[in-house]
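The chain contents come next:
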Amino acid sequence: MFPQRLDAPQAYDIALAMMEGVHRHYQLFRAASQSAKARFEQADWLGQQRAQSERIAFYDQRVNECVARLNQEFRADSLPMNVWQQVKLHYIGLMVGHLQPELAETFFNSVTTKILHRTHFHNDFIFVRPAVSTEYLEAPDAPAFRAFYPGNLDALVPTLHSVIGHFQLQAKFDNLGRDVVLLAARIRQRLQGLTLRANLQIQVLSSLFFRNKGAYVVGRIITGYTEIALAIPILHASHGRGLVLHAVLLDEEDLHGLFSFARAYFMVDMAVPSAYVEFLHSLMPRKPRGEIYSALGLAKQGKSMFYRDLLHHLRHSSDQFRIAPGIQGLVMLVFDLPSFPYVFKLIKDRFPAPKETTRQDVQAKYRLVKQHDRVGRMADTMEYSLVALPLERFSPELLQALQTQAGAHVEISDRDGDGKMEVIIDHLYIERRLLPLNMFLKECMDAGLDQPKPRAALERAVLEYGNAIKDLVAANIFPGDMLWKNFGVTRGGKVVFYDYDEIEYLSECNFRAVPEPRNEEEAMSGEIWWRVGPKDVFPETLAPFLLAHPVVRDVFMRYHADLLTPEFWKAHQARIAQGHVHDVFPYDRSRRLLPDVVH
């Protein structure tokens, strides 16, 4: 639909005010990302984590500020629709030459959907598809990546010195010469068997990637027709000895682990975020661009691109949404679309016993996870409001479950008046679909634990389960409900936690041993006879629920028996109270150059 004649004088001023909101948001976003370098150099780990958490709220704060300004200055909530059509046209004009046009479009959508009633969310008033291309977009004075040319492998060491020197870190290295020699040796090993061509080069993104206690050089090695992913973690050595090149990652799977949906967002200074996303997507073509935007801290842009992907998938598929396979929880109703690798979760209207929580408490738990370091063990969650999906795509069983278990937050209507009925869910969480760990273990058992492969897979999963809990503990998270069904297995075999309605900060829990019975009646009782406070946790009571199968019990007790003792949990509480931030590395030990220099 074409807008009416441009005769609304306030339309341009509204568009300009919205663009000023975009500029303010990205200016503050970049400032927070730029300051990550100084915090890394000063080893200010608590400050780094705090900044990462605070930055997540920036976007909503700027949107709310813009909405308030438009309502105050222009009475935007009472303007007719033809004015908004003109606002959009002016806004498109303002995006010419913009270095973050995709962010500007998403900001426009966020502001207008807050101002306009949801029945007016027609394509005329928001950007359903991009209006401005980001292809080949570059800042004139800040190229997204730099290329270094060793010429041959004999010059690899001085070239790598130049790569590291490019970032001008204002902190001394423990022994950069030693590290670069080790790094060069690993790269030479990776290049073995390849014919080195005249185009041999190392391309690295122009800014370091900061997260928690690490800084990462990210790039690629090109020779002939071969491109090899490259990431170099830089850490502080123990006892203040200086910086070290701790590891080298040289394949796509390593990069997927580094940019996992289960890890905290990076802080990276980008003049043109789309250029960084395209570079990273060339290294990880299986990772959706929306997930890459989220990994770079631009979670709202990631959500926008995900929703476009979902709508595109719905247009090109015909299967139905169904109740997700697995054991249904007491708090969340979970459904999925078999052909789409995500699950959709909404909070039920009522929670049966023994759950003692509220809708507001559950939402607060999910916000906690969003703002916390997920250490590769908690799936990222996208939160949406007023999600409309075609009624015809819902199975009868799912539709009945939605109406009976979450009917207060689900509406079925012809929202746009075009005869197409939709299911409108007022609040929805969306996560990557994982195979529930209890189902994975059952598959191993059904295949026969007398067979080497199923047994090895089960043993690895149980080992990973315990490691997942220990990584969460390192990040000051107590998962609460530690049953197998609340953990999932990724495509790469990593175990990730995804049920957040009972998580707590570890530091706020009271870990206790089960008291000795005082008499025979208490000793014979099948019920809990001792007093239990609201934050009390008795680790040894987990065993009957987790370790019924003898093979599972054997593996668990071999590697993770300490999880059943209060002493394990209390020791980590003491570490956290002392302000020590534990290392959880996003790469395998085999990738390390210097395995013992970081505590």
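Residues numbered from 1 in each chain as written. Predicted model: local features only at pLDDT ≥ 70, side-chain atom pairs only at ≥ 80, totals over all residues. Heavy atoms only, no water.

### Quick word on the overall build of the protein
The helix and strand inventory of the protein stands at 19 helices and 19 strands. The C-alpha radius of gyration computed for the protein amounts to 26 Å, which stays within 12% of the reference 25 Å derived for 599 residues, consistent with globular compactness. For the protein, the C-alpha atoms occupy an extent of roughly 90 × 70 × 45 Å along the three principal directions. Taken across its 599 residues, the protein has 53% of its residues classed as buried. Across the protein, the fraction of contacts at a sequence separation of at least 24, relative to all contacts at a separation of at least 6, is 71%. Across the protein, the centroid of the 68 positively charged side chains sits 4 Å from that of the 70 negatively charged ones. (Helix = DSSP H or I, 4+ residues; strand = E, 2+ residues; numbered from the N terminus. Rg over C-alpha atoms; globule rule 2.2 N^0.38 Å. Buried < 20%, exposed > 50% of the residue type's maximum accessible area, 1.4 Å probe, protein only. Contact = heavy atoms within 4.5 Å. Lys, Arg positive; Asp, Glu negative; His and termini not counted. Charge placed at Lys NZ, Arg CZ, Asp CG, Glu CD.)

### Remarks on the packing of helix α15 (residues 452-474) against helix α19 (residues 566-577)
For any two helices packed against each other, one specifies the crossing angle of their axes together with the interaxial distance. α19 packs onto α15 with a crossing angle of 30° between their chain directions and a minimal axis gap of 10 Å. Between α15 and α19, the angle is such that the two are roughly parallel. Contacts between α15 and α19 involve I469, K470, V473 and A474 from the former and F568, W569, H572, R575 and I576 from the latter. Across the contact of α15 with α19, the residue classes break down as six nonpolar, one polar and two charged. (Axes fitted to C-alpha atoms, helices over the stretch in contact; angles between N-to-C directions. Parallel < 35°, antiparallel > 145°, perpendicular 65-115°, else oblique. Nonpolar A, V, L, I, M, F, W, Y, C, P; charged D, E, K, R; others polar.)

### A closer look at the sheet that holds strand β15 (residues 487-489)
If you walk across this open sheet you meet the three strands as β13-β15-β16, and the pairing is antiparallel. Here the strands that pair on one side only, and so sit at the sheet edges, are β13 (435-436) and β16 (495-497). In this structure, β13 lies alongside β15, joined through two bridges in antiparallel fashion. Paired with L435 across the strands is V489, a residue of β15. Packing against the sheet, α15 makes contact with β15 and β16, and its axis sits at approximately 45° to β16. (Pairing = 2+ DSSP bridges.)

### Side note on helix α7 (residues 176-191)
For α7, spanning 16 residues, the distance from its first C-alpha to its last is 22 Å, which sits close to the expected 22 Å at 1.5 Å a residue. Buried within α7 we find D179, V180, L183, A184, I187 and L191. Angularly, the buried residues of α7 cover 135° about the axis, an arc narrow enough to put them on a single face. Where α7 is buried, its residues contact α6 (156-165), β4 (214-223), β5 (226-236) and β6 (243-245). (Expected span 1.5 Å × (residues − 1). Arc of directions from axis to C-beta.)

### A few points about helix α9 (residues 273-283)
Counting buried positions over the eleven residues of α9 gives nine, a clear majority of the element. Among the residues of α9, P273, S274, A275, Y276, V277, F279, L280, H281 and L283 are the ones counted as buried.

### Remarks on unusual backbone geometry
Backbone torsion omega between A353 and P354 reads 10°, so that peptide bond is classified as cis. In this structure, H239 takes a positive phi of about 60° despite not being glycine. If you trace the backbone, H239 turns up in the loop between β5 and β6. Although it is not a glycine, L386 adopts a positive phi angle of roughly 50°. Along the chain, L386 falls in strand β10 (residues 382-390). For L386, a relative accessible area of 33% puts it in the partly exposed group.

### What to know about the packing of helix α3 (residues 58-74) against helix α5 (residues 101-115)
Here α3 crosses α5 at 55°, and the two axes come no closer than 10 Å. In terms of their interaxial angle, α3 and α5 are classed as oblique. Read as a crossing pair, α3 and α5 show a hand that is right-handed. Each of Y59, R62, V63, N64, C66, V67, L70 and N71 in α3 lies in contact with α5, whose residues at this interface are T106, F107, S110, V111, K114 and I115. Of the residues assigned to the contact of α3 with α5, the class counts are eight nonpolar, four polar and two charged. (Left-handed = near helix turned anticlockwise from the far one by under 90°.)

### Points about the environment of H25
Checked against the element boundaries, H25 lands in helix α1 (residues 10-41). Classification of H25 by relative accessible area gives buried; the value is 7%. Apart from residues no more than four positions distant in its own chain, H25 is found in contact with F58, Y59 and R62.

### So, the confidence of the model for the protein
With 96% of its residues at a pLDDT of at least 70, the protein reaches an overall mean of 91. Across residues 1-5 the pLDDT falls below 50, and counting only partners more than four positions away or on other chains, this stretch makes eight contacts in the model. (pLDDT = per-residue confidence, 0-100.)

### Quick word on the nonpolar core
Of all hydrophobic cores here, the largest spans 80 residues; its most connected members are F209, I234, F259 and L280. For this core, the element with the highest residue contribution is β5, accounting for seven residues. With residues up to four places along the chain from it excluded, the contact list for L280 reads L205, F209, V218, F259, I292 and L296. One finds V375, V495, L542 and V552 within the second-largest nonpolar core, a separate group that totals 61 residues. (Core = buried A, V, L, I, M, F, W, Y, C linked by side-chain atoms within 4.5 Å.)

### Details of the pairing of β4
Burial analysis of β4 places ten of its ten residues in the buried class, the great majority of the element. Burial along β4 is two-sided: G214, Y216, V218, R220 and I222 and A215, V217, G219, I221 and T223, pointing in opposite directions, are all buried. With four bridges joining them, strand β2 (residues 201-205) and β4 adopt antiparallel strand pairing. Among the inter-strand pairings, Q203 is bridged to a residue of β4, identified as R220. Here strand β3 (residues 209-211) pairs with β4 via three bridges, running antiparallel.

### Some points on the environment of A295
Take A295: it is sitting in helix α10 (residues 289-295). Given the relative accessible area of 9%, A295 is considered buried. Setting aside anything within four residues of it in sequence, one finds A295 in contact with F259, Y265 and F266.

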